Amino acid sequence: MSQSRALADTALHSQSRVESVSDEAGRLAAFRPPRSAYIHVPFCRQRCEYCDFTLVVGREGLVQRYLAALERQLASLRTPVEVETLFLGGGTPSHLQAGDLAQLLSLLRHWFRVAPGGELSVEANPLDLLDDARVRVLVDAGVNRISLGAQSFVDSELTLLGRDHREEDIARAVEQVRGGIPNLSLDLIFGVPGQTLGTWRRNLERALELQPRHLSTYGLTIEKGTRFYSLRNAGRLSAAPEELEAQMYELAMDLLPARGLLQYELSNFAEPGWDCRHNHTYWAGQTYHGFGPGAARYLQGTREVGHRSTTTWLKRIESGEDPIGFRETLSAEDRAREAVILGLRRVPGINRSEIQHDHGWDLDELGRETWSQLKTRGLVETTSTGYRLTRMGRLLADSVTVELVGSE
Ligand code: SF4
């Protein structure tokens, strides 16, 4: 799962207020030293029809400049750091040729020491893993988790989505990494135009046959700037009906846990003990490093995002300018509110005493009336430690978020 997906729906930009950093703030989660790092690798073979991520296509000639610029940006760390999780997302990290991939991983292993038992995760596309040399590089570098962009096991859906692989490639890619990389995650998309409940079930069944430790399921969103957006506006593409999409999500929530992959977050299912630890950093409102174009980082209560244009990011670093394209410092209240919204994405929900300890706010100060209304409408329920989304709340998580952002 990309970083943008893990951070989805949390924008509180318009409400931000600047707050000075006091000594006392040092104990809060937003000010603790980061234990996670995200690296954005912006290269893809083609742009999929639904994708609005930061990436370039057909610009492999930029790879060496990217690696050199990344090295310069990483040097801002001054000294190598230990992390619990290191996540390479994109774009498609596996699109790099084996030699470039080895160079990238060696650079990262210099700056980040992954703690014993830590997670080193790489996003990959099926066709790239058919290349033995790339797989060997990943295994040799100690990568212990692959997030494979399967997206669908139905060839007509893959074609419509603009993916370059076919169903049979997914199983072959899985076999390639099975022996060397213990944690395999598959990404699937539901709500693809023309998809039926039957083909969605087939997708889930085929994914389960491959016995992944982890599965992510995303409802398709048609974002501005994508080819799907233009096609829909031109009346040449119809989004899946909301009701059907809800049925697909419910099918995943029923089928996957029954087959051993427990839901632990809105879009994520895993065998016990195989959650994505990196994404838990985001959902827990903790700090993290981020390097590369479009990469977000969250340090000292400030969120910064690398410039979304890969070439602008490159040029800025090469000319010694600041490569950050967006920066905001959250107020204490916004930090707490964001932690609540992100935390609610997790199935166990939010813990009142953790929010108090990590962010300095009581849950009810962040919208007593809103919590009460959400409970009355059956979207949120009380747990022994705080609040969590009900099943219906998970289906309507976007509107719960909107209400919590605006609550007093
Ligand atoms: S492979 Fe992934 S990052 Fe690249 S265009 Fe497709 S969806 Fe976007």
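Rules of the game
- Residues numbered from 1 in each chain as written.
- Predicted model: local features only at pLDDT ≥ 70, side-chain atom pairs only at ≥ 80, totals over all residues.
- Heavy atoms only, no water.
- Helix = DSSP H or I, 4+ residues; strand = E, 2+ residues; numbered from the N terminus.
- Rg over C-alpha atoms; globule rule 2.2 N^0.38 Å.
- Buried < 20%, exposed > 50% of the residue type's maximum accessible area, 1.4 Å probe, protein only.
- Contact = heavy atoms within 4.5 Å.
- Areas by Shrake-Rupley, 256 points an atom, 1.4 Å probe, with all protein chains shown as cover.
- Lys, Arg positive; Asp, Glu negative; His and termini not counted.
- Charge placed at Lys NZ, Arg CZ, Asp CG, Glu CD.
- Core = buried A, V, L, I, M, F, W, Y, C linked by side-chain atoms within 4.5 Å.
- Domains from an automatic or database assignment.
- Axes fitted to C-alpha atoms, helices over the stretch in contact; angles between N-to-C directions.
- Parallel < 35°, antiparallel > 145°, perpendicular 65-115°, else oblique.
- Phe/Tyr/Trp six-rings, centres within 6.5 Å; stacked < 30°, edge-to-face > 60°.
- Lys NZ or Arg CZ within 6 Å of the ring centre and 35° of its normal.
- Pairing = 2+ DSSP bridges.
- Near = heavy atom within 4 Å.
- Nonpolar A, V, L, I, M, F, W, Y, C, P; charged D, E, K, R; others polar.
- 1 Å grid on protein atoms, 1.4 Å probe; cavity = no way out; pocket = protein on both sides within 12 Å on 5 of 7 lines; lining within 4 Å.
- Points joined across faces, edges and corners; volume = space filled by probe spheres on them.
- Salt bridge = Lys/Arg side-chain N within 4 Å of Asp/Glu carboxyl O.

Chemist: Honestly, the overall build of the protein in this entry has me stumped. Any pointers?
Modeler: Across its full length, the protein holds 16 helices and 17 strands. What you see for the protein is a C-alpha radius of gyration of 21 Å, in line with the 22 Å of a compact globule of 408 residues. Across its three principal directions, the C-alpha atoms of the protein cover 55 × 55 × 45 Å. Each of the 408 residues in the protein was classed as buried or not, and the buried ones make up 57%. A separation of at least 24 residues holds for 73% of the contacts in the protein among residues at least 6 apart in sequence. On the protein, roughly 16800 Å² of surface is accessible, and the fraction owed to carbon and sulfur atoms is 49%. Looking at charge distribution, the protein has the averaged site of its 47 positive side-chain charges lying 2 Å from that of its 54 negative ones.

Chemist: I would appreciate a short explanation of the nonpolar core in the present structure.
Modeler: What tends to happen in soluble globular proteins is that the nonpolar side chains get buried as a cluster. Among the nonpolar cores identified, the biggest contains 90 residues, and Leu86, Phe112, Ile146, Leu148, Leu186 and Trp371 are the most heavily contacted of them. For this core, the leading source of residues is helix 9 (residues 242-258), giving eight residues. When residues of this core are sorted by domain, at least three fall in each of domain 1 (33-283) and domain 2 (332-406). Apart from residues no more than four positions distant in its own chain, Leu148 is found in contact with Ala124, Asn125, Pro126, Leu129, Ile170, Ala173, Val174, Leu184, Ser185, Leu186 and Asp187. Tyr38, Cys276, Tyr288 and Val305 belong to the second largest nonpolar core, which has 19 residues in total.

Chemist: What is the right way to look at the environment of Arg113 in this model?
Modeler: With respect to the secondary-structure elements, Arg113 resides in strand 5 (residues 112-124). Residues Arg113 and Glu84, spaced 29 residues apart in sequence, show a C-alpha to C-alpha distance of 8.5 Å. Setting aside residues up to four positions removed in sequence, Arg113 forms contacts with Val81, Glu82 and Val83.

Chemist: It is not clear to me how the packing of helix 2 (residues 63-74) against helix 3 (residues 98-111) should be interpreted in this structure. Could you clarify?
Modeler: The angle between the axes and the distance between the axes are what describe a pair of packed helices. Here helix 2 crosses helix 3 at 0°, and the two axes come no closer than 11 Å. Taken together, helix 2 and helix 3 sit at an angle that is classed as roughly parallel. Contact with helix 2, carried on its side by Val63, Gln64, Leu67, Leu70, Glu71 and Leu74, involves Asp100, Gln103, Leu104, Leu107, Leu108 and Trp111 of helix 3 and no other residues of that element.

Chemist: Can you walk me through the packing of aromatic side chains in this structure?
Modeler: How two aromatic rings sit relative to each other is set out by the distance from centre to centre and by the angle between their planes. What the rule picks out here adds up to 10 aromatic pairs. Here Phe43 and Tyr66 contribute two aromatic rings whose centre-to-centre distance is 5.5 Å and whose plane-to-plane angle is 85°, an arrangement assigned as edge-to-face. Here Phe43, found in strand 2 (residues 43-44), pairs with Tyr66, found in helix 2; they are 23 residues apart in sequence, far enough to count as distant. Tyr66 gets classed as buried once you look at its relative accessible area, which sits at 0%. Note on Trp371 and Tyr387: the rings are 4.2 Å apart at their centroids and 25° apart in plane angle, and the pair reads as stacked. Remark: Tyr387 occurs in strand 17 (residues 386-389) and Trp371 occurs in helix 14 (residues 368-376); sequence separation between them is 16 residues. On the accessibility criterion, Tyr387 (5% relative accessible area) is buried. Through a chain of ring-to-ring contacts, three or more aromatic side chains come together here, namely Phe43, Tyr66 and Trp313. Its guanidinium or amino end placed over the ring of Trp274, Arg213 lies 4.2 Å from that ring's centre, counting from NZ or CZ. Looking at Arg297, its charged tip hangs above the ring of Phe291, at a distance of 5.8 Å from the centre.

Chemist: Which parts of the structure should I look at to understand the sheet that holds strand 15 (residues 350-351)?
Modeler: One key point about sheets: their strands pair by backbone hydrogen bonds, in either a parallel or an antiparallel sense. Pairing is antiparallel in the open sheet, where three strands are placed in the order 15-17-16. Each of the sheet's edge strands pairs with one partner strand only, and the pair in question is strand 15 and strand 16 (380-382). Two strands pair when backbone bridges link them, and strand 15 and strand 17 are joined in this way by two bridges, in the antiparallel orientation. Bridged to Asn351 within strand 17 is Gly386. Helix-sheet contacts for helix 14 involve strand 15, strand 16 and strand 17, and the interaxial angle to strand 16 is about 105°.

Chemist: Is there a simple way to explain the site of the ligand in this structure?
Modeler: All residues adjacent to the ligand are Cys44, Gln46, Arg47, Cys48, Tyr50, Cys51, Phe53, Leu55, Gly91, Thr92, Asn125 and Arg163. In terms of residue class, the shell around the ligand is made up of six nonpolar, four polar and two charged.

Chemist: How should I be thinking about the layout of surface pockets in this particular structure?
Modeler: Space left empty within the atom packing is revealed by a probe, the size of a water molecule, rolled over the atoms. For the second largest pocket, the calculated volume is near 290 Å³. In terms of lining residues, the second largest pocket is bounded by 20 residues, among which Arg346, Gly349, Ile350, Asn351 and Glu354 are the most central. For the lining of the second largest pocket, the secondary-structure elements that each account for two or more residues are strand 9 (262-265), helix 10 (277-283), helix 12 (332-344), strand 15 and helix 13 (352-359). In terms of residue class, the lining of the second largest pocket is built from eight nonpolar, eight polar and four charged. Of the residues that make up the lining of the second largest pocket, three or more belong to each of domain 1 (33-283) and domain 2 (332-406).

Chemist: Got a minute to help me understand the pattern of salt bridges in this structure?
Modeler: As a working rule, side chains carrying opposite charge can pair if their charged atoms are close by. The tally for this structure, following the rule as stated, stands at 30 salt bridges. Across the salt bridge formed by Glu250 and Arg391, the nearest N and O atoms sit 3.0 Å from each other. In this pair, Glu250 is assigned in helix 9 and Arg391 in helix 15 (residues 391-395), connecting sequence segments 141 residues apart. By relative accessible area, Glu250 is classed as partly exposed at 27%. For Glu338, the salt bridge is made with Arg303, and the minimal N-O distance between the two is 2.2 Å.

As far as function goes, none of this settles anything; it's purely spatial.
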